[in-house]
Each structure stands twice: as structure tokens, then as C-alpha cells.
Amino acid sequence: MDYFKCRLIDRLVAEKVMGYIMVNEEHGIVNKQNGEPPTEFLPSTNLKYAWQVFQKFVKWNCSIEVAYVPEIKKYRCLIDTENATSNKKLRNVFLFAESAPLAICKAALKSVEA
């Protein structure tokens, strides 16, 4: 995926899903607003950060699954919000992407855009 599209996805996930403020979009630096110094956050391309997004949905009591589908050579992400406890309005999502981090990010954005 295009570098600039990934950075846009990173910014949207940071702000809309995680509640962070993007302070340097080019380098993926966010302010978590919790007293910590600004830090890198690149969830669309780095599983370490995508896992934080995954955990956010677990914290909201959503069921979230990611799996590789060999028949189509893509990753799928399913988010079930039936038992969600978030104060955000969430919706169920099922989609495919080229990588696991990208699938998590795209599904997370789709879920919170309700």
C-alpha cells in the first residue's frame, strides 16, 4: 500500500480509535495525552502498534479475530460489537486486507465510523 495512504490510516486510527493526537504525521509520532512523551505509532504497517488497536477492542468487550485466508492470499479481520462496553457507537465489521496490521486498522476505522 502507498506510504501516504498508510500514514493517513495511522493518523485516523490514532485519533478516532485510540484517542491520541498526531503531532508528526510523516513520522507517525503521537501524543497519547497520558503524560508520556510523544511516541511512534504506525499501526497500519507494524504489528506491535496494530496489537494496541486490537487490545483496545478487547478492552471494549468486543470480539475481534484476525486470520490469514490462503485461498485469496489476504488477511481478514472480524469485529463483533454485540457485547461492546465502549461509550463510542461501534458497528460490526468483516473485511480483508493485504496484511494483518492493515486489516486490523481498516476494520477498526470502519467499526468506529458508525
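All values derive from a computational prediction rather than experimental measurement.

Caption draft 1: Structural detail: the nonpolar core. With 32 residues, the main nonpolar core has V13, V17, F41, V53 and F57 as its most contacted residues. Elements with a contribution of two residues or more to this core: α1 (3-18), α2 (47-59), β5 (74-80), β6 (93-97) and α3 (100-112). By residue number, the principal contributor to this core is α3, which donates 8 residues. When near neighbours in sequence (up to four residues on either side) are disregarded, F41 contacts D10, V13, A14, M18, Y20, G28, V30, Y49, Q52 and V53.

Caption draft 2: Spotlight on the packing of α1 against α3. Running from N to C, α1 and α3 point in directions that differ by 45°, and their axes come no closer than 10 Å. By the angle between their directions, the pair α1 and α3 is classed as oblique. For α1 against α3, the interelement crossing comes out left-handed. Along the contact surface, α1 presents I9, L12, V13, K16 and V17, while α3 presents L102, C105, K106, A108, L109 and V112. A class-by-class count of the residues in the contact of α1 with α3 yields 9 nonpolar, no polar and 2 charged.

Rules and cut-offs
Residues numbered from 1 in each chain as written. Predicted model: local features only at pLDDT ≥ 70, side-chain atom pairs only at ≥ 80, totals over all residues. Heavy atoms only, no water. Core = buried A, V, L, I, M, F, W, Y, C linked by side-chain atoms within 4.5 Å. Buried < 20%, exposed > 50% of the residue type's maximum accessible area, 1.4 Å probe, protein only. Helix = DSSP H or I, 4+ residues; strand = E, 2+ residues; numbered from the N terminus. Contact = heavy atoms within 4.5 Å. Axes fitted to C-alpha atoms, helices over the stretch in contact; angles between N-to-C directions. Parallel < 35°, antiparallel > 145°, perpendicular 65-115°, else oblique. Left-handed = near helix turned anticlockwise from the far one by under 90°. Nonpolar A, V, L, I, M, F, W, Y, C, P; charged D, E, K, R; others polar.

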